[in-house]
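Report on the structure
One letter stands for each residue in the lines below.
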Amino acid sequence: MSIVYLNGSYMPLEEAKISPMDRGFLFGDGIYEVIPSYDGNLVGFGPHIDRMVEGLALIGIDFDFSADQWRAVCETLAAKNEGDNLGVYLHVSRGADTKRFHAYPDNIDATVFAFVFEIPPAPVADKAKVKGYKVATTEDLRWKRCNIKSTALLGNVMHFQQGHSEGNNETILYNSDNEMTEGSACNAYIVKDGVVITPPLDHQILPGITRLMLLDILRKDGSIKVEERPVTMDEVRGADEVWLTSSSKEIAPVVEIDGRPVGQGGVGDVWVKAQTLYSAAKSNY
Ligand code: PDD
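The structure presented is a predicted model; accordingly, all values stated were derived computationally and were not measured.

All right, on to the packing of aromatic side chains then. In the structure shown here, the tally under the stated rule is nine aromatic pairs. Plain terms: the ring middles of phenylalanine 63 and phenylalanine 65 are 5.1 Å apart, the flat faces sit at 35° to each other, and that makes the pair tilted. Judged by its relative accessible area of 17%, phenylalanine 65 falls in the buried class. Note on phenylalanine 115 and phenylalanine 117: the rings are 6.1 Å apart at their centroids and 45° apart in plane angle, and the pair reads as tilted. These aromatic residues form a ring-pair network of at least three members: Tyr32, Tyr89, Phe113, Phe115 and Phe117. Lying across the ring of phenylalanine 45, arginine 71 places its NZ or CZ 4.3 Å from the centre. The cationic tip of arginine 94 hangs over the ring face of tyrosine 104; the distance from NZ or CZ to the ring centre is 3.5 Å.

In structure tokens:
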């Protein structure tokens, strides 16, 4: 049985109830996080909470919870539920109003919900064991505030579904200038001639915490060059390697794009190096 957290209490999932007037339900008016936890150890907890606090400020939700309080929720849920490899989902919506009115209401209490779900074991840097991703591509038709980790994910959901319905694991998105933005639920990278290249942070992509950690780890190590700059879809199709990152998958190598093999048709050597470095350093964040 799954134990969840709702507004200050822990309870079985079946007992967790929120108002249908909750603005998270009516408008997708909220912010969320997903933090990985392996054997009870949270990865990237500090940056995840910082991003959540920034997101809440960006949409004007006044919710005062300290990092220690968030940590207690995450650790308690990990302890109360089964499983070694967990994603901790944190969700703060603006709360329930008495009416449906677009403007932010005054004096309502935010709704705070958290639960854990199983994620795959952290990948090991082994070409023979890692899952190679197959992806579709399509124009990014989401909104212009993709830097906000909003619970309003219909655009992402529709893009993911498009790739999924054709038997793919993800969908890589591109803007009207034919530049890659990100995946529907992950950040995206290419590797060309040994250099890791990923789009810069702006309103078109989520500032992924796995991205933040990976780029920091690679720069500190120094053996693989990193560039943050626009990447055209022609570059994606001509890349030696393509990767996706997110909290639930770490660094995922893409082996097929729109039915065509990436690079030499398998998982690349730079991925092995990068995943090795990531695995060794991720517990420092
Ligand atoms: N997705 N871009 C988008 C659109 C995302 O939804 C995510 C994460 C990322 C990667 O962010 P991070 O490295 O902080 O997980 C990039 C989460 C896991 C989800 O919605 O389930």
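Structure's up, so let's keep going.
The next point concerns helix 5 (residues 209-221). The first and last C-alpha atoms of helix 5 sit 18 Å apart over 13 residues, in line with the 18 Å expected at 1.5 Å per residue. Taken residue by residue, helix 5 has Ile209, Thr210, Arg211, Met213, Leu214, Leu215, Ile217 and Leu218 as its buried positions. Just downstream of helix 5, glycine 222 is the residue with a positive phi angle, here 85°.

Axis separation between helix 2 (residues 45-58) and helix 3 (residues 67-80) bottoms out at 11 Å; the angle between their running directions is 115°. As for the relative orientation of helix 2 and helix 3, their crossing is right-handed in sense. For the pair formed by helix 2 and helix 3, the contact residues are Phe45, Ile49 and Met52 on the first element and Ala67, Trp70, Arg71 and Cys74 on the second. Class assignment for the residues of the contact of helix 2 with helix 3 results in six nonpolar, no polar and one charged.

With that out of the way, let us pick up the pattern of salt bridges. Tallied over the entire structure, the rule returns 16 salt bridges. Among the salt bridges present, the one from lysine 127 reaches aspartate 269, with a minimum N-O distance of 2.5 Å. With a gap of 142 residues between them, lysine 127 in the loop between strand 6 (111-118) and strand 7 (133-139) and aspartate 269 in helix 7 (residues 269-281) connect regions that are remote in the sequence. Aspartate 269 gets classed as exposed once you look at its relative accessible area, which sits at 57%. Three or more residues joined by partner-sharing salt bridges are found here, namely Lys225, Glu227, Arg229 and Glu235.

Glancing now at the site of the ligand. Among the 20 residues in the neighbourhood of the ligand, the closest are listed as Tyr32, Glu182, Ile209, Thr210 and Ser247. With respect to the ligand, the backbone of alanine 185 contributes an N or O atom lying 3.3 Å from a nitrogen atom. A distance of 2.6 Å separates an oxygen atom of the ligand from a polar side-chain atom of serine 247. Within the complex, 89% of the 470 Å² of free accessible area of the ligand lies under protein. Listing elements by their share of the shell around the ligand, those giving two or more residues are strand 3 (30-38), helix 2, strand 9 (180-183), helix 5 and strand 13 (241-246). The residue inventory of the shell around the ligand, partitioned by class, reads six nonpolar, ten polar and four charged. No fewer than three residues from each of domain 1 (3-118) and domain 2 (133-284) sit in the shell around the ligand.

Attention shifts here to the domain arrangement of the protein. Each domain of the protein was delimited in the assignment, giving domain 1 (3-118) and domain 2 (133-284). Look at where the C-alpha atoms of domain 1 and domain 2 centre, and you get two points 26 Å apart. Counting every contact that joins domain 1 to domain 2 gives zero salt bridges. Linking domain 1 with domain 2 are six residue pairs in polar contact (both at pLDDT 80 or more), by the criterion used here.

Thresholds applied
- Residues numbered from 1 in each chain as written.
- Predicted model: local features only at pLDDT ≥ 70, side-chain atom pairs only at ≥ 80, totals over all residues.
- Heavy atoms only, no water.
- Phe/Tyr/Trp six-rings, centres within 6.5 Å; stacked < 30°, edge-to-face > 60°.
- Buried < 20%, exposed > 50% of the residue type's maximum accessible area, 1.4 Å probe, protein only.
- Lys NZ or Arg CZ within 6 Å of the ring centre and 35° of its normal.
- Helix = DSSP H or I, 4+ residues; strand = E, 2+ residues; numbered from the N terminus.
- Expected span 1.5 Å × (residues − 1).
- Axes fitted to C-alpha atoms, helices over the stretch in contact; angles between N-to-C directions.
- Left-handed = near helix turned anticlockwise from the far one by under 90°.
- Contact = heavy atoms within 4.5 Å.
- Nonpolar A, V, L, I, M, F, W, Y, C, P; charged D, E, K, R; others polar.
- Salt bridge = Lys/Arg side-chain N within 4 Å of Asp/Glu carboxyl O.
- Near = heavy atom within 4 Å.
- Polar contact = N/O pair within 3.5 Å; in protein donor to acceptor, adjacent residues only side chain to side chain.
- Areas by Shrake-Rupley, 256 points an atom, 1.4 Å probe, with all protein chains shown as cover.
- Domains from an automatic or database assignment.

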